[in-house]
Amino acid sequence: MGQARLKMEGDLVHALRSALDNLEKVDGELVLDFTTVRRIEPSALNAMEEIAARAGERHVRVALEAVDVSIYRVLKLTKLASRFT
Amino acid sequence: MAEKVSCLSQERAGYLEGVVSQARNAAAVFTQYTQQDVDRIVKPMVLAGLAQAQHLARLAIEETRIGVLEDKIIKNMVATEFVYNYVRDKPTVGVIAEFPERGITEIADPIGVIFSITPITNPTSTVLFKCIMAIKTRNAAIFGPHPKAWRCCREAVRIMYEAAIANGAPEGVFTCLEEPTIEDNVYLMHHKDVRLIDATGGRGAVKAAYSSGKPALGVGPGNTPVYLEKTADVAMAVVDIITSKTFDNGTICASEQTVVIDGEIYDRVLEEFAVLGAHICKDGEANLLARALVDPQTGYAQPMAVGQKATDIARAVGLKVKPDTKLLIAPIAGVGREYPLSVEKLFPVLAVYRAKSADEALRVCIDVNHAGGLGHTAVVFSRNEDVIRKFGEVIDAGRVIVNSPGSIGALGGVYNDMVPTFSFGCGTGGGNSTTDNVNVYHYLNIKRVARRTQAHMWYRVPNQIYFNRNAVENLRQFPSRSTLIVTTPVLEQMGHVDIVRRWMAPQTVARVLAIPDAEPELKVVMQGVEALKLHEADQIVALGGGSVIDAAKIMKLMYEAPEADLAELAAPFLDIRKRVVRFPDGKANRVRLIAAPTTSGTGSEVTPFAVLTDKSSGRKITLADYSLSPDVAIVDPQFVMSMPKGLTADTGIDCLTHALEAGVSIYASPYTDSNAMQAIRLVFRYLPAAFERPDDEEARSMMHNAACIAAMAFSNASVGVNHALAHAFGARFGVAHGRANALMLPHVIAFNASVPTKFMPSPNQRAYVAHKKYALTAELLGLGGETIEEKVANLIAAVEGLLDRLAFPSSIAGLGISRDEFERAMPDLTRNAFDDPSWRSNPRMPLVSELAELFWSAYEGRGRTKIARAS
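What counts, and at which threshold
- All residue numbers refer to position in the chain's written sequence, counted from 1.
- As a convention, the first chain written is A and the first ligand written is 1, with the rest following in written order.
- Only residues with pLDDT of at least 70 get local features here, since the model is predicted, and only at 80 or more are side-chain atom pairs given and counted; chain-wide, interface and lining totals rely on the full set of residues.
- Secondary structure elements follow DSSP: runs of H or I of four or more residues count as helices, runs of E of two or more count as strands, with numbering from the N terminus.
- Each radius of gyration is computed over the set of C-alpha atoms, and the globule rule expresses the reference value as 2.2 Å times the number of residues to the power 0.38.
- The exposure label follows from counting other C-beta atoms within 10 Å of a residue's C-beta, where the C-beta atoms are placed from the backbone and the thresholds are 20 or more for buried and 12 or fewer for exposed, leaving partly exposed in between.
- Note that contacts rest on C-beta atoms placed from the backbone: two residues are in contact if these are within 7 Å.
- Note on residue categories: nonpolar means Ala, Val, Leu, Ile, Met, Phe, Trp, Tyr, Cys or Pro, charged means Asp, Glu, Lys or Arg, and polar means any other residue, Gly included.
- When buried Ala, Val, Leu, Ile, Met, Phe, Trp, Tyr and Cys residues are joined through C-beta atoms within 7 Å, the set is termed a nonpolar core.
- Strand pairing is defined by DSSP finding a minimum of two bridges between the two strands.
- Given the number of residues in a helix, its expected span is that number minus one, multiplied by 1.5 Å.
- Helix axes use the C-alpha atoms of the stretch in contact, all axes being lines fitted to C-alpha atoms, and the angles between their N-to-C directions lie in the range 0 to 180 degrees.
- What sets the label is the angle itself: under 35 degrees gives roughly parallel, over 145 gives roughly antiparallel, 65 to 115 gives roughly perpendicular, and the rest give oblique.
- The handedness criterion is simple: a crossing whose near helix is rotated anticlockwise from the far helix by less than a right angle is left-handed, and one whose near helix is rotated clockwise is right-handed.
- Summary of the metric used: pLDDT quantifies the predictor's per-residue confidence within the range 0 to 100.

Caption draft 1: Representation of the overall build of chain A in the model. Broken down by element type, chain A carries 3 helices and 3 strands. Starting at the N terminus and ending at the C terminus, chain A contains elements arranged as β-α-β-α-β-α. Taken against the 2.2 N^0.38 rule, which gives 12 Å for 85 residues, the C-alpha radius of gyration of chain A at 12 Å falls within 12% of a compact globule. Taking the principal axes of the C-alpha coordinates as reference, chain A spans close to 30 × 25 × 20 Å. Across the 85 residues in chain A, those meeting the buried criterion constitute 31%.

This is the structure we're talking about:
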């Protein structure tokens, strides 16, 4: 069981797509670091939806780290918060 | 998923789920936007709507075959330009208002996904309006247009959406349903992710919205009555009505339906209508219109006529009219199903009624209002403000439009300063939750951040207090033509009245009213008032104990304000600043009250309290108001030198109780604390001497001062549970007030110093401090102790020692009251103690069971008190 960390930098959708690709290689937990993310768009929510679904299929835990409170609120409103640890 | 089982196909349900999911995400993302972000999006949307106003109007006409192109263009422009003018500077994101003086901040929060139903009559303008509102408030909107107007609405949504997205709005913020159905509406109205339904449409849609169980803004049909009153400017009224009723061929639900005209001007009004292009129907013609245009089964107007031209309607029903006819006017003789044209007609047919009187006119307008138009809109033309006001009062309408066109007037912002809207709240009369012109504030959750406030406190005492021996000489300073000296026969016999007379200002005519030395009765008070009137007194000198001074206070009140209702003034209150009953301001007479106490305990000479008994009703009346406080206090120890020992002890402990209770009161302040602490110090130092050596002038003098100082403390901080217990116990067993206080005092200190079962809500105290203040008192008295608990214990021991020294009985049992008798009395004692207002300022809220424990503790007696879990 291992842990992989990815920093969400630059274009968020692109970073999330990379995370989705990385999911295939992770065995255990994937940590997504949101330290520099200040705003989230609908397209990023769609990508996160995909990550959550794929992680579920692969029994991989995906943790979100350093999520800004306004983004956390968006994740709560879209029911995505509970799908990540 | 929708919460209600739906009969939609799986494919359609999947489509709707996608629409909602997209809107939900957009709404969630939108919560991150700032006011600047939002305003940057709104303006280009408005400009896009304005640029496409004619295009959208043409589409609407082509699709719906309803209305007038030019008017629909104007509607689209009002829906963009006028609405923008209203919202442009309105804060709708984050902090929208601050009230520093109240400690309140209002924060606007979006609602989320709004399902928005739009009507066939105003399709594109309503969409434009609602898109602007949604973006301005950071909401996502799903549009469910009327099935016969969905294409033009889809285009309106597209124009708004593209402008919004181009300027940064979240994707999916608007969706217009393709080929919408009623089933779609039902599905979405019950969808868990739809937060608000904004239904502008027909009866069915509005009813469904309100029946969904979701928060809804439902705005449906009206039936606008117009009162054309005889003082009106007839020429203006006729033009306004034609303008309004023909605007977009009468499709706005606020447009005029029945005009009730005063008989005096009826013919002139109809002539004016005819001159300006209206066709006035003869009896047979009106019947023809009624039969053709109103469904006899439902009583509603036929949909096929909605938004059609007057000439087309005339042709369709076989009525011959001039080719330039704008409006068909049908006289009616009443309102209701027998008079079909009295219903809402969203086309240029107007009913008129000749009223024989103003009363009849108002009655008919009310009838029209109640025939399908409750809560919506009404119009009055009049120059008489009384008529306008009366009309506004009796008509149930969210909008009463005065001397202007109903439809355009109701839209707001054109003929008046109402909020521009395309959605009319119809209040409860129309089954709606608001009477407002629906606007951005209905698309927001407004949160109030309420900071803890500290209520203003006060410190009020008479502005002149003279003390020390011969303070009575200061009476000379107060000129008076006629003074009433209120006292007791005993004090008169003792020569105290002569001393007072001696020091009255020259030329003062002084009369004496000797009253019984007991809690004053209403009868006695009224005798005093009669005496004041008889002698036209301008001054009262109250010379006596608390009872005499209380009586004088109430005499003053009733003399100055004869209309005062004592029973009402005695109404209970929780906070003197918010009390229901106010003491009278207007004074018929003015009289100065000078109080010279002859006991050292109640402190009535400086307090705003007075108690009297109404023997006829058996009621005790307790009054509290700063207007009762004497104007001058004379605290002269020569009047207390002959107090008996028992009275010295009782009143002295009453004084100590006042100070101890004020010290820990939830209304205690640094001002009252200084009084309370000093009074406690004086009592411990001088009461034993005053008791044991009655001739000790210094002790007498200091105790007299202590009583007054303690009273200044409790006049402003009030007392506590000790007084509640003592009042109940004293009344039941006929025990003097000071003595009853003494029996309770050590037990109450222990009770207040313990961790409360229930705290008193008190914004003035940031923490529970009663035990600390008792400890501080112990320190002041030099009682020793290391911990707070030890200090409080030492204070209790000191109080008990004082009570022993003053020869107070150590327990209620010691008064000869049997355990059985006390047990039987307990329900009444606890009930009366709990009803007593004194404990409302106690630091610890007593439970009824705790009051019983305190009574039993006092029954068992001193030396057993212990602090339960000192806080």
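Still more ground to cover, so stick around.
Caption draft 2: Expanded view of the overall build of chain B. Counting secondary structure elements, chain B contains 29 helices and 23 strands. Here the C-alpha radius of gyration of chain B, 39 Å, is well above what a compact globule of 871 residues would show, namely 29 Å. Within chain B, the fraction of its 871 residues that count as buried is 54%. Within chain B, contacts between residues at least 6 apart in sequence are counted, and of these 76% link residues at least 24 apart.

Caption draft 3: Main features of the interface of chain B and chain A. Each side of the interface is counted separately: chain B has 10 residues, and chain A has 11 residues. When grouped by side-chain class, the residues that make up the side of chain B that touches chain A number 4 nonpolar, 4 polar and 2 charged.

Caption draft 4: A look at the nonpolar core. Residue and element names in this part refer to chain B. Formed by 178 residues in total, the largest nonpolar core has its most connected members in Met45, Cys131, Ile132, Met160 and Val260. Tallying contributions element by element places helix α6 (residues 150-166) first for this core, with 10 residues. Setting aside residues no more than four positions away along its own chain, Met160 makes contact with Met45, Ala48, Gly49, Leu128, Cys131 and Phe174. Core analysis: the second largest hydrophobic core is formed by 129 residues, Ala552, Phe609, Val683 and Ala793 among them.

Caption draft 5: Region of the structure containing unusual backbone geometry. A positive phi angle is found at His59(A), which is not glycine, with a value near 55 degrees. Along the chain, the position of His59(A) falls in the loop between α2 (42-58) and β3 (61-65). Its identity is not glycine, yet Asn249(B) carries a phi of approximately 55 degrees, on the positive side. By the element assignment, Asn249(B) lies in the loop between α9 (234-246) and β9 (256-262).

Caption draft 6: View of the environment of Val419(B). Relative to the elements of secondary structure, Val419(B) occurs in the loop between α15 (406-411) and β15 (444-450). When the C-alpha atoms of Val419(B) and Arg590(B) are compared, they prove to be 53 Å apart, with 171 residues separating the residues in sequence.

Caption draft 7: Local environment of the pairing of strand β17 (residues 482-487) of chain B. All names here are of chain B. Within β17, 5 of the 6 residues are buried, which leaves it mostly tucked inside the rest of the structure. Pairing between β17 and strand β19 (residues 539-544): 4 bridges, direction parallel. Considered in β19, the bridge of Val486 is made with Ala542.

Caption draft 8: Quick peek at α9(B). Given a rise of 1.5 Å per residue, 13 residues ought to cover 18 Å, and the 18 Å separating the end C-alpha atoms of α9(B) matches this to within 8%. Once α9(B) finishes, Asp248(B) follows within two positions and takes phi at roughly 50 degrees, a positive value.

Caption draft 9: Expanded view of the packing of helix α2 (residues 35-51) of chain B against helix α4 (residues 69-87) of chain B. All names here are of chain B. At a minimum axis separation of 9 Å, α2 and α4 run at an interaxial angle of 155 degrees. On the basis of their axis angle, the class for α2 and α4 is roughly antiparallel. Viewed along their axes, α2 and α4 form a crossing whose handedness is left-handed. Residues Val42, Val46, Gly49 and Leu50 of α2 lie in contact with α4, whose contacting residues are Asn76, Met77, Thr80, Glu81 and Tyr84.

Caption draft 10: Looking closely at the sheet that holds β19(B). All names here are of chain B. Pairing is parallel in the open sheet, where 6 strands are placed in the order β16-β23-β20-β19-β17-β18. In this open sheet, the two strands that pair with only one neighbour each are β16 (464-467) and β18 (509-514). Put simply, the sheet's adjacent strands are angled 15 degrees from each other on average, direction ignored. Inspection of the sheet shows strand β20 (residues 592-597) paired to strand β23 (residues 632-635) by 2 bridges, in the parallel sense. Bridging from a neighbouring strand, Ile594 pairs with Val632 of β23. Across the face of the sheet, helix α23 (residues 697-717) comes into contact with β16 and β23 while running at roughly 150 degrees to β23.

Caption draft 11: Spotlight on the sheet that holds strand β1 (residues 94-99) of chain B. All names here are of chain B. Read from one edge of the open sheet, 3 strands run β1-β2-β15, paired in antiparallel fashion. This sheet does not close on itself; its edge strands, each paired only once, are β1 and β15. Taken pair by pair, the neighbouring strands of this sheet meet at an average axis angle of 25 degrees, ignoring direction. Judged from the 7 bridges that link them, strand β2 (residues 104-110) and β15 form a sheet pairing that is antiparallel. Paired with Ala108 across the strands is Ile446, a residue of β15.

Caption draft 12: Molecular detail of the pairing of β9(B). Residues and elements named next belong to chain B. Extensive coverage of β9 is indicated by the burial of 7 of its 7 residues. Sheet analysis places β9 next to strand β12 (residues 349-355), joined by 5 bridges and oriented parallel. Residue pairing across strands places Thr258 opposite Ala351, the latter belonging to β12.

Caption draft 13: Representation of helix α26 (residues 770-780) of chain B. Residues and elements named next belong to chain B. Those residues of α26 that sit buried are Ala770, His771, Lys773, Tyr774, Ala775, Thr777 and Ala778. In this structure, the buried side of α26 is in contact with α21 (645-664), α22 (670-692), α25 (737-753) and α27 (788-805). Following α26 by one or two positions, Gly782 adopts a phi angle in the positive range, close to 70 degrees.

Caption draft 14: Representation of the confidence of the model for chain B within the structure. Overall, the predicted model of chain B reaches an average pLDDT of 94, with 98% of residues at or above 70. As scored by the predictor, the complex reaches a pTM of 0.85 and an ipTM of 0.88.

Caption draft 15: The environment of Lys90(B), seen in detail. Checked against the element boundaries, Lys90(B) lands in the loop between α4 and β1. As a C-alpha pair, Lys90(B) and Val440(B) span 350 residues in sequence and 9.0 Å in three-dimensional space.

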